[in-house]
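An overview of the molecular structure
So the chains spell out like this:
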Amino acid sequence: MVTLARLATEFLERPGLAKSTQRSYEVVLMPLLALYGRLPVEIISRQVICDYLQSLEHLSINTHHRHQAIIQSLFNFGVALGAIKSNPIAGLTRRKLLKEKGEHGTDEVIRYLNHLQLIELYKVVEPDVRLHAIVRLLHRTGARIGEVLALDLEQIDTIARKFQVVGKGNKQRWCFYSEDVTKVLDEYIKYYRDTGCGALFTAQNPFTLEVTRLSYRRVHANWCELTAQSSVLRGVRLHDLRHTFATERVGLMSIEELRALMGHEKIQTTLRYQKVTSQRAQEVAQKALKVLTSIESEISN
């Protein structure tokens, strides 16, 4: 009898899998294993996995698709290994866009935080040192949350203030952070990080005291709890920090340089932020014209 946990272990430890990719896959699979890891893989049905994927609707659509792809690869591995006869989610349709959540199939809408929202965000997350460090890293580096949670402590170059991540398509890129991140990150590592695990961001089970890599689900729960305290932050997502990073840098560097920092495969993806910046400039210009028109009207009267 092969349990899902045993299958996942063999899947993650197979030859040729880069350590960084392994950590990234672990972040995706750990919540699934927490629920069904002890079950024999042969009895895990299509409905079970569909229900699990449906519970992940808080994820952005791209992240959700990635979770599904990795889980599907796990079961394909099980078939190749002979642990199961067929993949229970073979041919499963990927999640569709949820327009009520602001998801769009075009590049027309990019959600980012404005200046007031950023001030409010840092105010509400400051008491939670771990989440504060994560938010700073996401905002200052443009890294994806999955990439940050997959980091090990030893990967952080505190002198050069940089680290390397593995993004989509298993492509590596460097992320660079600022001095304000250093202060928060150092405080977290020195006083709040649980030892006993190589991960940068860790969590300790309050009952078993086991220290493991921090899961996305737990980060998301903390995020929702804290951002719910402010109406200004209503609907703001962790992934919006990556969009904020990009929109803040359009015009300060070339599109190719920004593309490299973001890890985009296609330049068209990066060009979306240039469009957003143009829209922002238009809004500011229109507001300025209204003010000037009002002033001129008062003078003429």
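Keep in mind it's a predicted model, so treat the numbers as computed, not measured. (Residues numbered from 1 in each chain as written. Predicted model: local features only at pLDDT ≥ 70, side-chain atom pairs only at ≥ 80, totals over all residues. Heavy atoms only, no water.)

1. Some details on the overall build of the chain
When its secondary structure is counted, the chain shows twelve helices and four strands. The buried share of the chain, taken over its 301 residues, is 44%. Taking contacts inside the chain between residues at least 6 apart in sequence as the whole, the part at least 24 apart equals 59%. A total of about 16,800 Å² of accessible surface is found on the chain, and carbon and sulfur atoms cover 52% of it. (Helix = DSSP H or I, 4+ residues; strand = E, 2+ residues; numbered from the N terminus. Buried < 20%, exposed > 50% of the residue type's maximum accessible area, 1.4 Å probe, protein only. Contact = heavy atoms within 4.5 Å. Areas by Shrake-Rupley, 256 points an atom, 1.4 Å probe, with all protein chains shown as cover.)

2. What about helix α3 (residues 46-54)?
Along α3, the positions that sit buried rather than exposed are Ile49, Tyr52 and Leu53. One side of α3 carries all its buried residues, which in axial view fall inside an arc of 95 degrees. (Arc of directions from axis to C-beta.)

3. Brief notes about the packing of helix α2 (residues 19-36) against α3
At a minimum axis separation of 12 Å, α2 and α3 run at an interaxial angle of 125 degrees. By the angle between their axes, α2 is oblique relative to α3. Between α2 and α3 lies a crossing whose hand is right-handed. Note on element contacts: α3 touches α2 through Val48, Ile49 and Tyr52, opposite Val28, Pro31, Leu32, Leu35 and Tyr36. Its residues assigned to classes, the contact of α2 with α3 comprises eight nonpolar, no polar and no charged. (Axes fitted to C-alpha atoms, helices over the stretch in contact; angles between N-to-C directions. Parallel < 35°, antiparallel > 145°, perpendicular 65-115°, else oblique. Left-handed = near helix turned anticlockwise from the far one by under 90°. Nonpolar A, V, L, I, M, F, W, Y, C, P; charged D, E, K, R; others polar.)

4. Some remarks on the packing of aromatic side chains
Applying the stated criterion across every chain, the model contains four aromatic pairs. Aromatic pair phenylalanine 11 and tyrosine 25: ring centres 5.9 Å apart, planes at 10 degrees, arrangement stacked. Pair noted here: phenylalanine 11 is in helix α1 (residues 4-12) and tyrosine 25 is in helix α2, with a separation of 14 residues, a long-range link. Tyrosine 25 gets classed as buried once you look at its relative accessible area, which sits at 17%. Members of the aromatic cluster, each reached through a chain of ring pairs, are Phe11, Tyr25 and Phe77. The aromatic ring of tryptophan 174 is capped on one face by lysine 162, whose charged end is 4.3 Å from the ring centroid. (Phe/Tyr/Trp six-rings, centres within 6.5 Å; stacked < 30°, edge-to-face > 60°. Lys NZ or Arg CZ within 6 Å of the ring centre and 35° of its normal.)

5. Section: the pattern of salt bridges
According to the stated counting rule, one finds twelve salt bridges in the structure shown. Close ionic contact of aspartate 152 with arginine 23 constitutes a salt bridge, the shortest N to O distance being 3.1 Å. In this pair, aspartate 152 is assigned in the loop between α7 (145-149) and β1 (162-166) and arginine 23 in helix α2, connecting sequence segments 129 residues apart. Notably, a salt bridge pairs arginine 111 with aspartate 240, separated by 3.9 Å at the nearest N-O pair. Note that arginine 111 is positioned in the loop between α4 (61-81) and α5 (115-125) and aspartate 240 in helix α10 (residues 240-249), a separation of 129 residues in sequence. The structure contains a network of salt bridges with shared partners spanning Arg23, Asp152 and Arg213. (Salt bridge = Lys/Arg side-chain N within 4 Å of Asp/Glu carboxyl O.)

6. Points about the side chain of serine 24
One can find serine 24 in helix α2. Taking relative accessible area as the criterion, serine 24 reaches 9% and is therefore assigned buried. The residues touching serine 24, leaving out its near neighbours within four places in the chain, are Arg66 and Ala150.

7. Comments concerning the environment of arginine 173
As for its position among the elements, arginine 173 is in strand β2 (residues 172-176). The spatial distance from the C-alpha of arginine 173 to the C-alpha of phenylalanine 163 is 8.5 Å, given a sequence separation of ten residues. Separated by 2.8 Å, the side chains of arginine 173 and glutamate 147 make a polar contact. (Polar contact = N/O pair within 3.5 Å; in protein donor to acceptor, adjacent residues only side chain to side chain.)

8. Focus: the pairing of β2
Of the two faces of β2, the one lined by Arg173 and Cys175 is fully buried and the one lined by Gln172, Trp174 and Phe176 carries no buried residue. Examined bridge by bridge, β1 and β2 share five bridges and lie antiparallel to one another. Note on β2: the bridge partner recorded for valine 165 is arginine 173. Linking β1 to β2, which pair antiparallel, is a turn of five residues; within it glycine 169 sits at a positive phi near 75 degrees. (Pairing = 2+ DSSP bridges.)

9. Section: the packing of α2 against α4
It is the contact of α2 with α4, at a shortest axis distance of 10 Å, that shows an interaxial angle of 85 degrees. By the angle between their axes, α2 is roughly perpendicular relative to α4. Contacts between α2 and α4 involve Ser24, Tyr25, Val28, Leu29 and Leu32 on the former and, on the latter, Arg66, His67, Ile70, Ile71 and Leu74. Its residues assigned to classes, the contact of α2 with α4 shows seven nonpolar, two polar and one charged.

10. Some remarks on helix α6 (residues 129-141)
Here α6 contains 13 residues, and its C-alpha end-to-end distance of 18 Å stays within 8% of the 18 Å for a straight helix at 1.5 Å per residue. The element α6 is largely enclosed, with a buried count of twelve among its 13 residues. Among the residues of α6, Val129, Arg130, Leu131, His132, Ala133, Ile134, Val135, Arg136, Leu137, Leu138, His139 and Thr141 are the ones counted as buried. Positive phi shows up at glycine 142, right after α6, with a value of about 75 degrees. (Expected span 1.5 Å × (residues − 1).)

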